[in-house]
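# What the coordinates show
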Amino acid sequence: MNGISNYLSQNSSIVVDALLQHIVLAVLPLLIGVLVSLPIGYLAVRFGWLYHPILNLSGIVYSIPSLAVFVALPYVLGTRILSPVNIVVALAIYTIALMARTVADGLRSVDPALTDAATGMGYQRVRRLVEVELPLAAPVILAGVRVAAVSNISLVSVGALLGVGGLGALFTRGLQLDYTAPILVGVVLSVALAAVADLLIVLFQRAVTPWSRAGQGV
Amino acid sequence: MDDTPYLLDGANWDWSRTGSIPQLLVDHLGYTAITVLVGFLIAFPIGLLIGHTGKGSFIAINAGNAGRALPTLGLLSLLVTLMSIGFLPILIALVVLVIPPILTSTYAGLRQVDPDAVDAARGMGMSGLQVLFRVELPIALPVIFGGLRAAVLQVVATATVAAYVAGSGLGRLLVDGLALSDYGRMLAGAVVVALLAIVLDLLLAGVQRLVVSPGITGRGQSRGRGARFVAESGAENPEELVTAGTTKGTS
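Residues numbered from 1 in each chain as written. Chains lettered and ligands numbered in written order. Predicted model: local features only at pLDDT ≥ 70, side-chain atom pairs only at ≥ 80, totals over all residues.

Within chain A one finds eight helices and zero strands. The principal-axis extents of the C-alpha atoms in chain A amount to approximately 65 × 50 × 20 Å. Across the 218 residues in chain A, those meeting the buried criterion constitute 44%. In chain A, 71% of the contacts between residues at least 6 apart in sequence involve partners at least 24 apart. (Helix = DSSP H or I, 4+ residues; strand = E, 2+ residues; numbered from the N terminus. Buried ≥ 20, exposed ≤ 12 C-beta atoms within 10 Å, placed from the backbone. Contact = placed C-beta atoms within 7 Å.)

Before going further, it helps to examine the environment of Leu189(A). All names here are of chain A. The topology assignment puts Leu189 in helix α8 (residues 180-208). Expressed as a C-alpha distance, the spacing of Leu189 and Val15, which sit 174 residues apart in the sequence, is 9.4 Å. Apart from residues lying up to four places away in sequence, Leu189 is in contact with Leu19 and Leu167.

Residue and element names in this part refer to chain B. Contact pair helix α2 (residues 57-69) / helix α4 (residues 87-111): the axes reach a minimum separation of 8 Å and the direction vectors enclose 150°. Here α2 is positioned roughly antiparallel relative to α4, judged by the angle of their axes. Regarding α2 and α4, the two cross each other, and that crossing is left-handed. Every residue of α4 that contacts α2 at Ala60, Ala63, Gly64, Ala66 and Gly67 is listed here: Leu97, Ile99, Pro100, Pro101, Leu103, Thr104 and Tyr107. In the contact of α2 with α4, the residues fall into nine nonpolar, three polar and no charged. (Axes fitted to C-alpha atoms, helices over the stretch in contact; angles between N-to-C directions. Parallel < 35°, antiparallel > 145°, perpendicular 65-115°, else oblique. Left-handed = near helix turned anticlockwise from the far one by under 90°. Nonpolar A, V, L, I, M, F, W, Y, C, P; charged D, E, K, R; others polar.)

Residue-level contacts link 45 residues of chain A with 39 residues of chain B. At the level of secondary structure, the elements contributing two or more residues to the side of chain A that touches chain B comprise α2 (51-63), α3 (66-77), α4 (84-108), α6 (125-156), α7 (168-177) and α8 of chain A. The class makeup of the residues in the side of chain A that touches chain B is 29 nonpolar, 13 polar and three charged.

A word on the packing of helix α5 (residues 115-123) of chain B against helix α6 (residues 128-158) of chain B. All names here are of chain B. The contact between α5 and α6 brings their axes to 10 Å, and the two run at 160°. In terms of axis orientation, α5 runs roughly antiparallel to α6. Note that α5 runs across α6; the crossing there is right-handed. Note on element contacts: α6 touches α5 through Val131, Val135, Glu136 and Ile139, opposite Ala117, Val118, Ala121 and Arg122. Partitioning the contact of α5 with α6 into residue classes produces six nonpolar, no polar and two charged.

Another aspect to go through is the confidence of the model for chain B. Residues and elements named next belong to chain B. Overall, the predicted model of chain B reaches an average pLDDT of 81, with 85% of residues at or above 70. Overall, residues 223-247 carries pLDDT values under 50, and its contacts beyond four positions in sequence, including any with other chains, amount to 52 contacts. Interface confidence for the predicted complex, given as ipTM, is 0.82, next to a pTM of 0.80. (pLDDT = per-residue confidence, 0-100.)

For Asp178(A), which is not a glycine, the phi torsion comes out positive at approximately 55°. Locating Asp178(A) in the fold gives a position in the loop between α7 and α8. Of note in the backbone geometry, Ser181(B) takes a positive phi value of approximately 50° without being a glycine. If you trace the backbone, Ser181(B) turns up in the loop between α7 (171-179) and α8 (183-211). Judged by C-beta crowding, with 9 C-beta atoms within 10 Å, Ser181(B) ranks as exposed.

As a further point, take α8(B). When the terminal C-alpha atoms of α8(B) are compared, their 42 Å separation across 29 residues agrees well with the 42 Å that a helix rising 1.5 Å per residue should span. When we look at burial in α8(B), the residues that qualify are Arg185(B), Met186(B), Leu187(B), Ala188(B), Gly189(B), Ala190(B), Val193(B), Leu196(B) and Ala197(B). Summarising the contacts, the buried residues of α8(B) are in contact with α2 and α3 of chain A together with α1 (21-53), α6 and α7 of chain B. (Expected span 1.5 Å × (residues − 1).)

In structure tokens:
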């Protein structure tokens, strides 16, 4: 324990920088991925024959190791191998692979009677989607966002093998120096970051789906 | 030799050569098999116990989240500095990765069994163990297989990290390729790992077809009816299924 406080007091700026980079590298692709997967998921429901191809494709994408994607992307995108853009794009792709399916499942879970009722009340397709279907699908979609957020936060560190990995830099440095303190600090911060992100999304979900608590006598 | 892509160069497929693709592939499969076996032996009984008794559910529910949050590269580095370089830290780090999906899916699979079916089995005089192995487990198998397949995919992808701590497996192509700036080698590693993941998933899907009762999947009867029943019963708690089916650790 003494070694850890020692390490922290001497390297606080390195740790804070790594943490901030980690947050940016995890949150940016999450936002991009969720925004892109909403229309994909919608299309998979609107045109039912797209559902299974999208499901299979995302399964395949998800099975490609992140390290492989990180090293392959510079050649596809023309970026430098040390560019953070590679990490952001790679994690955005994983987020889409996970979320497209979840968005589709969420929209499919909406009771058709409710969408029929909305149509009967004169809701046009877009308004019905935004005001009725998406809010009702929110619990399923946000469950997927929680999974994506937590796994993104954990995946960022692999980028350290390429020199851009937020807290992962503490792992590679500790391993090179055979020094446990930075690794332990990195693991604890990474897990804490995931827990905080998870909690924030749960709170967001409570805020946007007030009806889900109505029956619990709140 | 510069003209032939690494993946297609016959010399790289020479069995007898150390570090050739087939040798790395066998090592990679070895890591995967041992890890999934050990993880299964730990997680499956615990999942059965929690799912059957309903006690300790929070462990099963939170295991999935905790497993996802823990960065495998960090855990591996930590174990290597605490122990030493070798097979054991790799095995432990990967086993930690496979326990959550198997545990969570076993639990979720048992929980989503229709309580009426369990009541009926009890009413017929079945003991607790008989209910578990003759009623709950067969009905839960599709969900459990989902977790097992997720675990296998995750290990196949994540075992590549082993090469970073001087381990073997297909990760060698990625790590060595990176060190040598040999793009062809990295690409070969990425392609072979992705193909391996797909082939293993198809194999497990085949095993699942053989093992899961036609009464559950609806095959051989009025087509689709049974499958729809399973889908419907699962849809009651979509959050649980999302958690059980899809996980990606530091892979």
